[in-house]
Amino acid sequence: MAQILSLSGANGVSDIHIEAGLLDRAGAVIGETFSPSRIHIVTDSTVAPLYLDRLKQQFALPVSETVLPAGEEYKRLAAVEGIYHDLLASGMTRKDLIIALGGGVTGDITGFAAATFLRGVSLCQIPTTLLAQVDSSVGGKTGVDLPEGKNLVGAFYQPRLVLIDPNVLSTLPDATFADGMAEVVKYGYIANREILDLVAQPDYKQNIETIIYECVKIKRDVVAIDEHDTGLRMILNFGHTIGHAAEKLGNYTALTHGQAVAIGMVCAMHLSALRGDADLSAPLVRLLQQIGLPTELTYDREAIFNALLSDKKKFGATVNFILVREPGRAEITPIEADALHEFIKQL
Ligand SMILES: NC(=O)c1ccc[n+]([C@@H]2O[C@H](COP(=O)([O-])OP(=O)(O)OC[C@H]3O[C@@H](n4cnc5c(N)ncnc54)[C@H](O)[C@@H]3O)[C@@H](O)[C@H]2O)c1
């Protein structure tokens with residue numbers, strides 16, 4: 001059944017539709033929301049042969065496209081500039097519409113292009129990975145990487161429309177699906193334990209539409225309170241602090257983002273236990289293993305702590321850690337860098 005969630009942001013309201021089969025009705029839903037003269041679709045080289053024509057054929061107006069090479073290594077300013085040139089070549093104006101069709105990389109690049117081209121053009125996100133459906137397509141963070149680090153250039157820019165069709169996940173490689181599941185588990189632990197109960201079922205993929213809806217609802221609620229990431233939105237970083245450090249130590253190739261987050265969540269649970277709180281790690285480890293995600297931190301603890309220091313610089317002498325008090329409830333917890341150093345040695 002179609003579910004619609006709304007999010008009010010600084011640049012207007014986003015409507016988020018979730019429904020199996022929605023890709024084949026996207027043209028109609030887009031027609032109810034926008035009245036552009038032209039549409040430009042940005043996608044990548046893996047998604048284009050799977051879904052681009054199915055989307056394009058639904059529009060009676062002129063549709064142009066940019067097909068980016070697939071992969072995080074292409075999430076660069078050069079990709080954004082290429083989109084600007086294509087937009088100009090096809091005669092796009094501020095009244096027209098840009099659609100991002102793809103995973104988080106396509107969504108982030110396209111969102112940034114839409115935020116900045118002619119100082120802002122309407123944007124529709126059609127996310128095609130689980131990660132993009134439960135996380136990156138919602139909330140308005142857009143941007144690209146620099147050689148110095150990930151997501152260093154960007155803008156907050158809400159898509160006017162997000163169309164989530166769980167059926168497109170059927171073509172995802174298992175490992176890419178599992179990556180998105182790390183974020184799903186994260187949502188369960190920080191805000192809604194019922195998601196964990198659903199994921200623990202052996203046939204949980206049958207309920208993926210409900211799972212996506214529950215996750216998006218959490219993201220919507222958090223972003224509605226803290227759109228520009230100055231406080232509560234940090235709660236979405238459960239597992240990401242040590243996860244980012246592990247990802248960095250593996251040069252962003254040894255571990256995928258979801259794998260790093262899975263390990264980071266287990267470490268955060270151990271850290272809670274070391275601070276004297278209940279040890280909630282065993283059921284989390286079981287769930288992640290069932291999904292096919294790693295749970296062991298294999299990097300040198302000193303190197304992990306050093307990688308964390310870049311976070312420490314951001315927050316002064318303390319690092320903000322997201323700790324789970326009980327499944328479904330987490331808190332932003334500042335930890336002194338020296339104390340954190342001792343905990344990390346014991347992980
Ligand atoms: N903006 C945000 O709030 C936010 C949040 C989390 C992550 N991100 C960003 O998201 C990116 C990661 O996103 P991702 O994991 O979706 O990566 P991705 O976009 O690279 O997609 C992963 C792979 O799956 C392929 N793919 C996409 N949809 C497919 C489908 N339906 N069938 C088969 N293959 C498909 C893609 O071509 C790509 O090769 C990172 O750059 C990260 O920084 C952004």
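Everything here concerns the structure above.
Here, residues in each chain are numbered from 1, in the same order as that chain's written sequence. Since the coordinates come from a predicted model, pLDDT governs what is reported: local features require at least 70, and pairs of side-chain atoms require 80 or more to be given and counted, while whole-chain, interface and lining totals use all residues. As a rule here, side-chain values come from all non-hydrogen atoms in the structure, and water together with hydrogens is ignored.

A. Representation of the overall build of the chain in the model. The numbering of helices and of strands both runs from the N terminus, where a helix is a DSSP run of H or I of at least 4 residues and a strand a run of E of at least 2. When its secondary structure is counted, the chain shows 13 helices and 11 strands. Within these notes, the globule rule equals 2.2 Å times the number of residues to the 0.38 power, and the radius of gyration is based on C-alpha atoms. Over its C-alpha atoms the chain spans a radius of gyration of 20 Å, differing by no more than 12% from the 20 Å that the globule rule assigns to 347 residues. The C-alpha extent of the chain, read off along each of the three principal axes, is 60 × 40 × 35 Å. When a residue's accessible area, from a 1.4 Å probe over protein chains only, is under 20% of the maximum for its type it is buried; when over 50% it is exposed; and in between it is partly exposed. Counting only residues that meet the buried cut, the chain has 54% of its 347 residues in that class. Long-range contacts, defined as pairs at least 24 residues apart, comprise 73% of the intrachain contacts of the chain with a sequence gap of at least 6. Accessible surface area values rest on a Shrake-Rupley calculation with a 1.4 Å probe, where residue burial reflects the displayed protein chains alone. Of the roughly 14,600 Å² of accessible surface on the chain, 51% is carried by carbon and sulfur atoms. Counted as positive: Lys and Arg. Counted as negative: Asp and Glu. His and the chain ends are not counted at all. Every charge is mapped onto a representative atom, which is NZ of Lys, CZ of Arg, CG of Asp or CD of Glu. If you average the places of the 29 positive and of the 41 negative side-chain charges in the chain, the two averages end up 4 Å apart. Contacts are assigned to residue pairs that have any heavy atoms within 4.5 Å of one another.

B. Representation of the site of the ligand. Whether a residue is near a molecule or strand depends on its heavy atoms: if one lies within 4 Å, it is near. Around the ligand, the structure places 24 residues, and the nearest of them are Asp-44, Glu-72, Gly-104, Thr-128 and Thr-129. Under this definition, polar contacts are N or O atom pairs within 3.5 Å; protein pairs additionally need one hydrogen-donor-capable and one acceptor-capable atom, and for neighbouring residues in sequence, both atoms have to be side-chain atoms. A distance of 2.7 Å separates an oxygen atom of the ligand from a polar side-chain atom of Asp-44. One of the side-chain nitrogen or oxygen atoms of Thr-129 is found 2.6 Å away from an oxygen atom of the ligand. Considering the ligand on its own, with 870 Å² of exposed area, one finds that the protein chains cover 86% of that surface. Elements with a contribution of two residues or more to the shell around the ligand: α2 (48-56), α4 (104-116) and α5 (130-136).

C. Examining the pattern of salt bridges more closely. Salt bridge, as used here, is a side-chain nitrogen of Lys or Arg placed within 4 Å of a carboxyl oxygen of Asp or Glu. Per the stated rule, a full pass over the model turns up 16 salt bridges. For the salt bridge of Lys-150 with Glu-247, the shortest nitrogen-to-oxygen distance reads 3.9 Å. In this pair, Lys-150 is assigned in strand β8 (residues 149-156) and Glu-247 in helix α9 (residues 240-249), connecting sequence segments 97 residues apart. Exposure remark for Glu-247: the relative accessible area of 4% places this residue in the buried category. Of the charged contacts, one joins Glu-331 and Arg-325 as a salt bridge, the two residues approaching to 2.8 Å between their closest N and O atoms. Salt bridges sharing partners connect three or more residues here, namely Asp-277, Arg-325, Glu-326, Arg-329 and Glu-331.

D. Spatial organisation of the pairing of β8. In short, DSSP must find at least two bridges between two strands for them to pair. As judged from the five bridges shared by strand β7 (residues 141-146) and β8, these two strands associate in the antiparallel manner. Bridge pairing in β8 links Gly-143 to Gly-154. The hairpin turn running from β7 into β8, its antiparallel successor, is two residues long.

E. Fine view of the layout of surface pockets. Computed over the protein atoms alone on a 1 Å grid, cavities are sets of points where a 1.4 Å probe fits but cannot get out and pockets are open sets with protein on both sides within 12 Å along at least five of seven lines; a residue lines them when it has an atom within 4 Å of a point. Grid points are joined across faces, edges and corners, and a volume is the space filled by probe spheres set on the points. Put simply, the second largest pocket is a space of about 180 Å³. Lining the second largest pocket, in full, are Tyr-189, Arg-193, Leu-196, Asp-197, Ala-200, Pro-283, Arg-286, Leu-287, Gln-290 and Pro-327. When residues of the lining of the second largest pocket are traced back to their parent elements, those giving at least two are α7 (193-200) and α11 (281-291). Each residue gets one label: Ala, Val, Leu, Ile, Met, Phe, Trp, Tyr, Cys and Pro are nonpolar, Asp, Glu, Lys and Arg are charged, and the others, such as Gly, are polar. Across the lining of the second largest pocket, the residue classes break down as six nonpolar, one polar and three charged.

F. Region of interest: the packing of aromatic side chains. Pairing of aromatic rings covers Phe, Tyr and Trp, the last counted by its six-membered ring, and requires centre-to-centre distances within 6.5 Å; plane angles under 30 degrees mean stacked, over 60 mean edge-to-face, and any other angle means tilted. Enumeration according to the criterion identifies two aromatic pairs in this entry. Centre to centre, the rings of Tyr-84 and Phe-117 are 6.1 Å apart; their planes meet at 20°, and the pair counts as stacked. Linking Tyr-84 in helix α3 (residues 77-89) with Phe-117 in the loop between α4 and β6 (122-127), this pair joins segments that are 33 residues apart in sequence. Tyr-84 gets classed as partly exposed once you look at its relative accessible area, which sits at 24%. The rule is short: NZ of Lys or CZ of Arg within 6 Å of the ring centre and within 35 degrees of the ring normal puts a charge over the ring. Looking at Lys-186, its charged tip hangs above the ring of Tyr-187, at a distance of 4.7 Å from the centre. The ring of Phe-177 has Lys-205 lying over it, and the distance from NZ or CZ to the ring centre is 4.6 Å.

G. Local environment of the side chain of Lys-219. In this structure, Lys-219 sits in helix α8 (residues 208-225). When its relative accessible area of 5% is taken as the criterion, Lys-219 is described as buried. In this structure Lys-219 touches Val-134, Asp-135, Val-138, Gly-139, Tyr-187, Arg-233 and Leu-236, once residues within four positions along its chain are discounted.

H. Examining empty space enclosed by the protein more closely. Scanning all chains against the criterion turns up one cavity of 30 Å³ or more. Each pocket or cavity is described by its volume, and for the largest cavity that value is around 40 Å³. Lining the largest cavity are Asn-237, Phe-238, Gly-239, His-240, Thr-241, Ile-242, Gly-264, Ala-268, Phe-321 and Ile-322. When contributions to the lining of the largest cavity are tallied by element, the ones reaching two or more residues are α9, α10 (257-274) and β10 (318-326).

I. Representation of the sheet that holds β6. In space, the seven strands of this open sheet follow the order β1-β2-β9-β6-β5-β3-β4, with mixed pairing throughout. Edge positions in the open sheet fall to β1 (3-9) and β4 (63-68), since each of these has one partner strand only. Each strand axis lies, on average, 15° off the axis of its neighbour in the sheet, ignoring direction. Bridge count for strand β3 (residues 39-44) against β4 is six bridges, and the pairing is parallel. If you follow Asp-44 over to β4, its bridge partner there is Leu-68. All axes here are fitted lines through C-alpha atoms, helices being fitted over the stretch that makes contact, and every angle between N-to-C directions spans 0 to 180 degrees.

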